[in-house]
Amino acid sequence: MTPRAPDYLPHLVEESVEILYISARHFKNAMILFSGGKDSITLSHIAHKAFYPAPPPFKLLQVDTGHNFPEALEYRDWFVQHFGYTLEVADVQKAIDQGLVTEPEGPDKNRNRIQSVVLLDYIRTHQVDALLGGGRRDEDRARAKERIFSHRDVSGAWHPEHQRTELGTLAHLSIVKGEHFRIFPLSNWTELDIWYYIREHNLPVPSLYFARPREVVYRNGAWLQISPYITIRPDEIPTTRTIRFRTLGDITITGGIESNASTLEDIIRELESTQTSERGHRHDDRQTAYSMEVRKREGYF
């Protein structure tokens, strides 16, 4: 039986559109943070539809760590061209070469944490006053307690104990020079809601979301895809498993799950019986119980 989309989905879309309109009206240089993942795809598609036939008043910004899945980069380029967006890139490798950040070391090295420095540098250099992203409250406890309109101070830090009062989409949005907002129009959506929207609009997504045989190693409770950026430990044996990814990030930290879900309908049916969060297989979130909150305080999205 084909799972039916919830009746409340149009209301979620309407709320997201209202947030986009508020953002476009209030901020002078707002951008959408785009990774090529399902959430940023959904947000950018809603923005495209909300302002059509005029182009959306937001550029797309990707923080390119240099350790991306090739499929995600290919999809990004297709999406930008297909929907008429302008893409800006904050380049982590360039920042390393210029000495702005230092490449981490060790067998578990990844560039996830240093990308916050690169993002904040881009925000300051280009005077970005708002960044819109696809973060949702059901992903993580830190995101669950963050406002839709989330204030950042001049250092780019988030202070959860000093969040501004917010009633629905009514929020205090004034800032001084150097401050900015992170805005989350999909805050009240769930992972399933995202997939229902993608199915309803027949949106292509990166092939990484669909199960297929991949060469992987098992590390920290998840299957990591073999790549030039991963150092195989002596006790790890590469194997081939039928894997798909529920969330997309750096190839070095994004763990896959064993699955046979090879279509949108398969994914939706699988998620309807799943009890674990999609971020449960992200190595960066497994470092401490408060990893996401610690990184958000430092400027992470």
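Before reading on, note that the structure itself is shown above.
The text that follows walks through the structure, step by step, so that each part is easy to find. (Residues numbered from 1 in each chain as written. Predicted model: local features only at pLDDT ≥ 70, side-chain atom pairs only at ≥ 80, totals over all residues. Heavy atoms only, no water.)

A few words now on the overall build of the protein. Helix and strand counts for the protein come out as 9 helices and 12 strands. Here the C-alpha atoms of the protein give a radius of gyration of 19 Å, agreeing with the 19 Å that 2.2 N^0.38 yields for 301 residues. Within the span of the protein, comprising 301 residues, buried residues form 55% of the whole. About 13800 Å² of surface is accessible on the protein, with carbon and sulfur atoms providing 52% of the total. (Helix = DSSP H or I, 4+ residues; strand = E, 2+ residues; numbered from the N terminus. Rg over C-alpha atoms; globule rule 2.2 N^0.38 Å. Buried < 20%, exposed > 50% of the residue type's maximum accessible area, 1.4 Å probe, protein only. Areas by Shrake-Rupley, 256 points an atom, 1.4 Å probe, with all protein chains shown as cover.)

Okay, the sheet that holds strand 2 (residues 59-64) next. If you trace the 6 strands from one edge of the open sheet to the other, you get 3-2-1-4-8-5, paired in mixed fashion. Single-partner strands in this sheet number two, and they are strand 3 (87-91) and strand 5 (149-152). Each neighbouring strand pair of the sheet contributes to a mean axis angle of 30°, computed without reference to strand direction. Summarising the sheet, strand 1 (residues 30-33) and strand 2 pair through 3 bridges and their orientation is parallel. Considered in strand 2, the bridge of Ile32 is made with Leu60. Contacts from helix 1 (residues 9-26) reach strand 4 (130-132), strand 5 and strand 8 (180-183) within the one sheet, and its direction differs from that of strand 5 by about 35°. Along the sheet, helix 2 (residues 38-51) contacts strand 1, strand 2 and strand 4; its crossing angle with strand 1, the most-contacted strand, is approximately 140°. (Pairing = 2+ DSSP bridges. Axes fitted to C-alpha atoms, helices over the stretch in contact; angles between N-to-C directions. Contact = heavy atoms within 4.5 Å.)

Scanning the entire structure with this criterion turns up 14 aromatic pairs. Aromatic pair Tyr75 and Phe79: ring centres 6.1 Å apart, planes at 35°, arrangement tilted. Separated by 4 residues within a single helix, Tyr75 and Phe79 lie in helix 3 (residues 70-83), roughly one turn from each other. For Phe79, a relative accessible area of 0% translates into the label buried. A network of ring pairs unites the aromatic residues Phe34, Tyr75, Trp78, Phe79, Phe83 and Tyr85 as a single cluster. (Phe/Tyr/Trp six-rings, centres within 6.5 Å; stacked < 30°, edge-to-face > 60°.)

A separate point is helix 8 (residues 264-272). Looking only at helix 8, the buried set comprises Leu264, Ile267, Ile268, Glu270 and Leu271. Mapping the buried residues of helix 8 onto a view down its axis gives an arc of 160°, with all of them on the same face. Buried residues along helix 8 sit in contact with helix 7 (191-200), strand 11 (239-244) and strand 12 (255-258). (Arc of directions from axis to C-beta.)

Before going further, it helps to spend a moment on the environment of Ile22. The topology assignment puts Ile22 in helix 1. With a relative accessible area of 13%, Ile22 lands in the buried category. Each C-alpha atom of the pair Ile22 and Asn110 lies 36 Å from the other, and the pair is 88 residues apart in sequence. Ignoring sequence-local partners within four residues, the contact set of Ile22 consists of Phe149, Thr169 and Leu173.

Let's shift gears to the side chain of Ser23. Topologically, Ser23 is positioned in helix 1. A relative accessible area of 0% places Ser23 in the buried class.

On to the pairing of strand 11. Regular strands place side chains that alternate from one sheet face to the opposite one. Relative to strand 11, strand 9 (residues 212-219) is paired through 5 bridges, and the arrangement is antiparallel. Of the residues in strand 11, the one forming a bridge with Arg212 is Ile243.

Roughly 360 Å³ of internal volume is contained in the largest pocket. Forming the boundary of the largest pocket are 20 residues, of which Gln127, Val128, Asp129, Gly178 and Glu179 lie nearest the centre. For the lining of the largest pocket, the residue count by class is 8 nonpolar, 6 polar and 6 charged. When its volume is computed, the second largest pocket comes out at roughly 160 Å³. Around the second largest pocket, the lining residues are Val89, Ala90, Asp91, Lys94, Ala95, Gln98, Leu100, Val118, Asp121, Tyr122, Thr125 and His126. (1 Å grid on protein atoms, 1.4 Å probe; cavity = no way out; pocket = protein on both sides within 12 Å on 5 of 7 lines; lining within 4 Å. Points joined across faces, edges and corners; volume = space filled by probe spheres on them. Nonpolar A, V, L, I, M, F, W, Y, C, P; charged D, E, K, R; others polar.)

The next thing to look at is the pairing of strand 2. Of all 6 residues making up strand 2, 5 are buried, and the element is well covered by its neighbours. Viewed along the sheet, the connection from strand 1 through helix 2 into strand 2 turns out right-handed. Where strand 2 and strand 3 come together, 5 bridges link them in parallel fashion. Residue pairing for strand 3: Leu61 is matched across the bridge by Glu88. (Right-handed = clockwise from strand over helix to strand, strands pointing away.)

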